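For reference, the chains in residue letters:
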Amino acid sequence: MKPVPPVSRSGVDLSVNLAGLSLRNPVLTASGTFGAGLEYADFVDLETIGAVVTKGVSPAAWPGNPGCRIVETPSGMLNSIGLQNPGVEHFCSATLPALAAVAPGATVIVNVVGHTAAGYRDVIERLESEPMVAAYELNVSCPNLDAGGMAFGASCDSITEIVSLCREATTRPLIVKLTPNVTDIGEMARAAEAAGADAVSLINTLLGMAIDLRTMRPHLNRVVGGLSGPAIKPVALRMVWEASRAVSVPIVGMGGVQSGTDVVEFMLAGATAVAVGTANFSDPMATERCAAELEAFCSDRGITRVSDLIGAMEVER
Amino acid sequence: MCTSNPETRPAVEAVTVVQNRQLSDSVRSLVLQAPRTASLVRGGQFVQLDIEPGCLTLRRPLSIYSVSGDTVEILYHQVGEGTRRLAAKKAGDTSMTVIGPLGTPWPVPDTARTALLVGGGIGAAPLGMLATELTERGVETTVLVAAQNAGRLVGESHFAACGADVSCATDDGSRGYAGLVTEPLIELLGTRTFDVAYVCGPEIMQEKVSARLIGHGVRTFVSLERRMACGIGACLSCVLPTVDGQKRVCVEGPVFDAEEVLWDEARASRV
């Protein structure tokens, strides 16, 4: 990993420390929107992004969902990709070497998915020997097949089980990505922290659906999918704020981020780093643009360290 | 990928609307000034057009019909929200960008001497540049253009101007053969041989037509479409089941060898 560069030309220090990871700037990619970065290397310099958070990696290859996987919705989209990925072996033998060849200095956080808690641990154990991997993000929005298919992240017990098991498997930073489809996000964040998470990231997608009037059927083959994009930003911001009051570990905020000022809002709400997801589809340079806009905002306001924004929102008592 | 040539790899290009007009009842033509895309795009490729930046979440994938100087032409129907807004764009509009050129172009085997192109409806558009390329290479080119009615036929005069032997079929008989394209196709296959065939149109038509062609031993390529988000191979929205596993319509496609497509399984994700 390249060393964090000194203060930028504008005099703004964009660096943040995320659970021991020194990031050159707070802008990350949101898992699932960016592959492992290779396809976007034509458009952005992967070594200048705060961190590339990869598509979820599972123990074995997962085929994803059949039929229609996406539909655009007002200010957003629904997806039910189904976590298609070639599995951790292919990731290690093909994806990581390709990434190392193209962007050896990139900061890579691997998103991990599984059907059982042991599955998550197995993926981590396999990745431990890969030097390109700086940290892990546990996607606990997957259905727990050992517990009737309810999302891991909807249960404190399941979160505790996964995080404890994975904590034993690595000393690298463990980020737990929380699902918003719960009653109390603070409670879930506390469970993750208590079990040993070094950080939490939120939000994953909100459950939603859309109906195709040409066919009188759901647009998505799986009927219900995950909503992302600008429409979810107010919900995401609210949850980041709630989580930041519930735990002391750092937070990665995401949900509808499209601009540097969105990044500022999430940091003010309590996020140490902020991920850009759906915005990458219409603007493949969104991550670079958001970082540049963030820098310009700070420069304009006389803010010399972006980390001063973290949790700095003022609330009337 | 980053290891690709920066001069030819897909890139974001700002475009200017040169012309946006109605060609017939249902077909519209959009001409964009896009010098980089115009210089690089090959027949069968497409662009991701940001029709309403900041308003529509996703770009729209649109095939390039033809190139002239530093402009590209796109043919489209008004189908949904994106194309409805596109129809309102005026000449001189500079608000849009394209990502492109994207996708795998129509392959032209070196040994091909004779080619058959079959286009259904707006699906004839992706065959536009191919017809030019084939005829310029001296390939004897036959084109079968089909649609519901005469007002929906696409590209007939362009294909003829290239020097191809063109015939039409309309469901209602308002032009050319009255009926589905399979009838004139069977007749053609009975009287001529083709080294290679290219089919584009409604997916059910591509499935039936390519089955006929393959049955006659003709190497056949099709061009499919799926809903896309990124358009550059990262998000896995646009996958198509093939004999070699799931392929991305935006990268490994949109052009596929007809024999590798698992048509039955693909039906569930047809747009």
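Residues numbered from 1 in each chain as written. Chains lettered and ligands numbered in written order. Predicted model: local features only at pLDDT ≥ 70, side-chain atom pairs only at ≥ 80, totals over all residues. Heavy atoms only, no water.

Novice: When you look at the confidence of the model for chain B in this model, what are you seeing that I'm missing?
Specialist: Detailed reading of the predicted coordinates is not advisable wherever pLDDT falls low. Put simply, chain B has an average pLDDT of 96, and 99% of its residues get 70 or more. For this predicted complex, the interface score ipTM comes out at 0.95, alongside a pTM of 0.96. (pLDDT = per-residue confidence, 0-100.)

Novice: Which parts of the structure should I look at to understand a nonpolar patch on the surface?
Specialist: All names here are of chain A. On the surface, Leu207, Met209, Ile211, Leu213, Met216, Val223 and Val224 cluster together to form a nonpolar patch covering roughly 740 Å² of accessible area. Summarising the element assignment, Leu213 is placed in the loop between strand E12 (211–212) and strand E13 (217–218). Accessibility expressed as a relative area gives 68% for Leu213, which makes it exposed. (Patch = residues over 30% accessible without salt bridge, like charges linked within 9 Å, V, L, I, M, F, W, Y side chains within 5 Å. Areas by Shrake-Rupley, 256 points an atom, 1.4 Å probe, with all protein chains shown as cover. Salt bridge = Lys/Arg side-chain N within 4 Å of Asp/Glu carboxyl O. Helix = DSSP H or I, 4+ residues; strand = E, 2+ residues; numbered from the N terminus. Buried < 20%, exposed > 50% of the residue type's maximum accessible area, 1.4 Å probe, protein only.)

Novice: Whenever I open this one, the packing of helix H4 (residues 185–194) of chain A against helix H5 (residues 233–246) of chain A confuses me. Can you help?
Specialist: Two quantities define a packed helix pair, namely the angle between the helix axes and the distance between the axes. Residue and element names in this part refer to chain A. Two elements in contact, H4 and H5, have axes separated by 8 Å at closest approach and are oriented at 45°. The orientation of H4 with respect to H5, classified from their angle, is oblique. By crossing handedness, the relation of H4 to H5 is classed as right-handed. Residues Ile185, Gly186, Ala189 and Arg190 of H4 pack against Met239, Glu242, Ala243 and Ala246 of H5. Of the residues in the contact of H4 with H5, the class split is 5 nonpolar, 1 polar and 2 charged. (Axes fitted to C-alpha atoms, helices over the stretch in contact; angles between N-to-C directions. Parallel < 35°, antiparallel > 145°, perpendicular 65-115°, else oblique. Left-handed = near helix turned anticlockwise from the far one by under 90°. Contact = heavy atoms within 4.5 Å. Nonpolar A, V, L, I, M, F, W, Y, C, P; charged D, E, K, R; others polar.)

Novice: What is the right way to look at unusual backbone geometry in this model?
Specialist: Negative phi values dominate among residues other than glycine, just as trans dominates among peptide bonds. Residues and elements named next belong to chain A. Along the chain, Leu202 connects to Ile203 via a cis peptide bond; the corresponding omega equals 15°. Relative to the elements of secondary structure, Ile203 occurs in the loop between strand E10 (199–202) and strand E11 (206–209). A positive phi is found at Ser75, a non-glycine position, where the angle reads about 50°. Note that Ser75 resides in the loop between strand E5 (70–73) and strand E6 (76–79). Residue Ser75 is classed as partly exposed on the basis of its relative accessible area, which comes to 37%.

Novice: Honestly, the pattern of salt bridges in this entry has me stumped. Any pointers?
Specialist: Charged atoms that come close allow side chains of opposite charge to pair. As enumerated under the stated definition, the model contains 35 salt bridges over all chains in all. A salt bridge links A:Asp122 to A:Arg121, with the shortest nitrogen-to-oxygen separation between them at 3.2 Å. Look at A:Arg121 and you get partly exposed, because its relative accessible area is 24%. With a shortest N-O distance of 3.1 Å, B:Arg267 and B:Asp264 are connected by a salt bridge. When its relative accessible area of 40% is taken as the criterion, B:Arg267 is described as partly exposed. Taken together, the shared-partner salt bridges in this structure form one network comprising B:Glu52, B:Glu81, B:Arg84, B:Arg85, B:Lys89 and B:Asp93.

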